[in-house]
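Next come the chains, spelled out residue by residue.
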Amino acid sequence: MLNDMSIDNRDFVKRMTLKMKEKFDKYWGECNLVMAIGAVFDPRYKMKLILYSFPKIYPADDFQRHIDDVHESLEFLYKEYLSVDSQINSSMSSATYDSNPSQAKKQKTDGFDEWVITNSDIIPGNKSEIDMYLDEGVYKPGNEEYEDFDALNWWKANGLKFRHLSKMARDILSIPITTVASESAFCAGGRVLDQYRSSLKPETVQALICMGDWLRQDFGVELASNVSRNRILDSAAKVMEMYSSQKAVLEVEYFGEVGTGLGPTLEFYTLLSHDLQKVGLSMWRSNFSPDKQSMEIDGDELKNGKTNNISESGLSLATSDIVQAPLGLFPRPWPPNADTSDGSQFSKVIEYFRLLGRVIAKALQDGRLLDLPLSTALYKLVLGQELYLHDILSFDAEFGKILQELQVLVYAHCAIADLCFRGAPIEDLCLDSVDINNFDEYISLVVDATVKNGIIRQMEAFRSGFNQVFDITSLQIFSLDELDYLLCGKRELWEAETLVDHIKFDHGYTAKSPAVINNSTQSSSGPSAG
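What counts and what doesn't
- Residues numbered from 1 in each chain as written.
- Predicted model: local features only at pLDDT ≥ 70, side-chain atom pairs only at ≥ 80, totals over all residues.
- Heavy atoms only, no water.
- Helix = DSSP H or I, 4+ residues; strand = E, 2+ residues; numbered from the N terminus.
- Buried < 20%, exposed > 50% of the residue type's maximum accessible area, 1.4 Å probe, protein only.
- Areas by Shrake-Rupley, 256 points an atom, 1.4 Å probe, with all protein chains shown as cover.
- Phe/Tyr/Trp six-rings, centres within 6.5 Å; stacked < 30°, edge-to-face > 60°.
- Lys NZ or Arg CZ within 6 Å of the ring centre and 35° of its normal.
- Axes fitted to C-alpha atoms, helices over the stretch in contact; angles between N-to-C directions.
- Parallel < 35°, antiparallel > 145°, perpendicular 65-115°, else oblique.
- Left-handed = near helix turned anticlockwise from the far one by under 90°.
- Contact = heavy atoms within 4.5 Å.
- Core = buried A, V, L, I, M, F, W, Y, C linked by side-chain atoms within 4.5 Å.
- Expected span 1.5 Å × (residues − 1).
- Arc of directions from axis to C-beta.

Some thoughts on the overall build of the chain
Scanning the chain for helices and strands turns up 22 helices and six strands. Buried positions account for 36% of the 530 residues belonging to the chain. For the chain, the accessible surface area stands at approximately 32400 Å², while carbon and sulfur atoms represent 54% of it.

The following block contains the structure:
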């Protein structure tokens, strides 16, 4: 059918069929010989099925070569098994037996051999078990037995007749435990069958495909292909523009890489979270200092506060291009007269916040976690709450404390010349045009620029992007802590034993493998992002 459709007059059908045929040929090319040998060892089919199906599968000038390959492979395997059995028998046998029959026995059978030769067919002594098995013809079970027929039981019953061949059949027909994960079976993207993937029963495959169709019909799965690993931010902007307004669950795959589904998608969100924290974007205020206040995470005091100063490898990012905000990320204020023309830095900042809104909304909609430690004050803005001077303490403790102390001086009602800040005269602060009459106004303007008008356009862009996915006001049912938990997960210290308990080992790895031990030790050396 694929061959016929590959020469269809409709271009889109032809292109689609050629891609399907390419994948089918790759799969069949890797598996057909083993499958053919397995079919031969089913006594209901033997070589008859190969002789019937290969001319339909392969071109007329090529099918005989594949049939010969099956014959040669069978002969080669048989000789290997025969050689192994011979070595075992020779090593176990240490005694010799007299093969000459007694004279009395010889007299009793005298003339019998000649009679047999002239009155019956003789199986040649050099005929192999394979030839005997194939020459017998196919086995035809009854109608009731046919559906429940077990080839392995048949070979077990005929083990004495085919001593070597039954061992071959046992090894070839024994199906290993499958390593196909349910996530891979439900995945909407292409998968390559390799040596780690064994067969699923047809009924299991049918059930998984059927369930996958139901889930995709109810929830949808959109595949955003060709996401560039080296240009995550640009790719995310295009992907979110195309799919953020749809209710379908978003899945991604990387350009030039095989695989899609949950793993690559989670990695995409993690890499995107890190890129959105780059200093060069000019999105966030940075106030990192080694002796800053620490942030309490699940009851434990962590000197470095939120976890955006720990990289994927567990190494410190204090000297990297990631914004250092120990108390969480908060928008950097921009002046009201900032250039908003296309191509300007501030116009890019606005687009980044619009993208951030889409990403956060899509992550919440799809149930994905982000490695994006936002400050409590920013969560308040997301929930539509007003910010005041005391809120500055939640994302910049030192700056907020300075403003509070300056406000206390205002309430002292002293002459400007008598005012001192931490022992220094106010004049030394270089606050031009500030006196006792407008000192309170000056503080209000600073607060306004920090948490209100200085960030209002960024937050408008954020809400605009968020609302393209779903209404941001629906988040107001959550508390600040609940919203942080939904977006970033639970922040806690990882213990090596806990990590190992939640790891599913495969491909030869165990809990005692050096690579697993090193990974769990490294991962538990610093706080996680949830």
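Some remarks on the packing of aromatic side chains
In total, this model carries 14 aromatic pairs according to the counting rule given. Plain terms: the ring middles of Tyr 133 and Phe 162 are 5.9 Å apart, the flat faces sit at 85° to each other, and that makes the pair edge-to-face. Taken together, the residues span a long stretch of sequence, with Tyr 133 in helix α7 (residues 129-135) and Phe 162 in the loop between α9 (151-157) and α10 (163-173) at a distance of 29 residues. Using a relative accessible area of 2% as the deciding quantity, one classes Tyr 133 as buried. Summarising the aromatic geometry, the rings of Phe 330 and Phe 395 are spaced 3.9 Å apart at their centres and angled 5° between planes, so their arrangement reads as stacked. Placement of the pair is Phe 330 in the loop between β4 (300-302) and α15 (345-366) and Phe 395 in the loop between α16 (376-382) and α17 (397-411), with a sequence separation of 65 residues. Geometry around Tyr 133 places Lys 46 over its ring, the cationic atom sitting 4.2 Å from the centre.

Some thoughts on the packing of α17 against helix α18 (residues 439-451)
At a closest axis distance of 9 Å, the pairing of α17 and α18 adopts a crossing angle of 160°. If you check the angle between α17 and α18, you find them roughly antiparallel. Classified by chirality, the crossing of α18 by α17 is left-handed. Counting all contacts with α17, which are made through Phe 399, Leu 403, Leu 406, Gln 407, Leu 409 and Val 410, the residues of α18 involved are Phe 439, Asp 440, Ile 443, Val 446, Val 447 and Thr 450.

Focus on the nonpolar core
Of all hydrophobic cores here, the largest spans 71 residues; its most connected members are Phe 268, Trp 284, Phe 330, Leu 356, Ile 360 and Leu 374. It is α15 that provides the largest number of residues to this core, a total of 11 residues. One finds Ala 39, Leu 74, Ile 130 and Leu 165 within the second-largest nonpolar core, a separate group that totals 25 residues.

Here we look at helix α3 (residues 46-57)
Spanning 12 residues, α3 covers 18 Å between terminal C-alpha atoms, matching the ideal 16 Å at 1.5 Å per step. Here α3 has its buried residues at Lys 46, Met 47, Ile 50, Ser 53 and Phe 54. Along the axis of α3, the buried positions cluster into a sector of 135°, meaning they face one direction only. Facing away from the buried side of α3 by over 90 degrees, the exposed positions are Lys 48, Tyr 52 and Lys 56.

A word on helix α19 (residues 456-467)
Between its first and last C-alpha, α19 extends 16 Å over 12 residues, near the 16 Å set by a 1.5 Å rise per residue. Along α19, the positions that sit buried rather than exposed are Gln 458, Met 459, Ala 461, Phe 462, Gly 465 and Phe 466. Buried positions in α19, seen along its axis, are confined to an arc of 155° and lie on one side of it.

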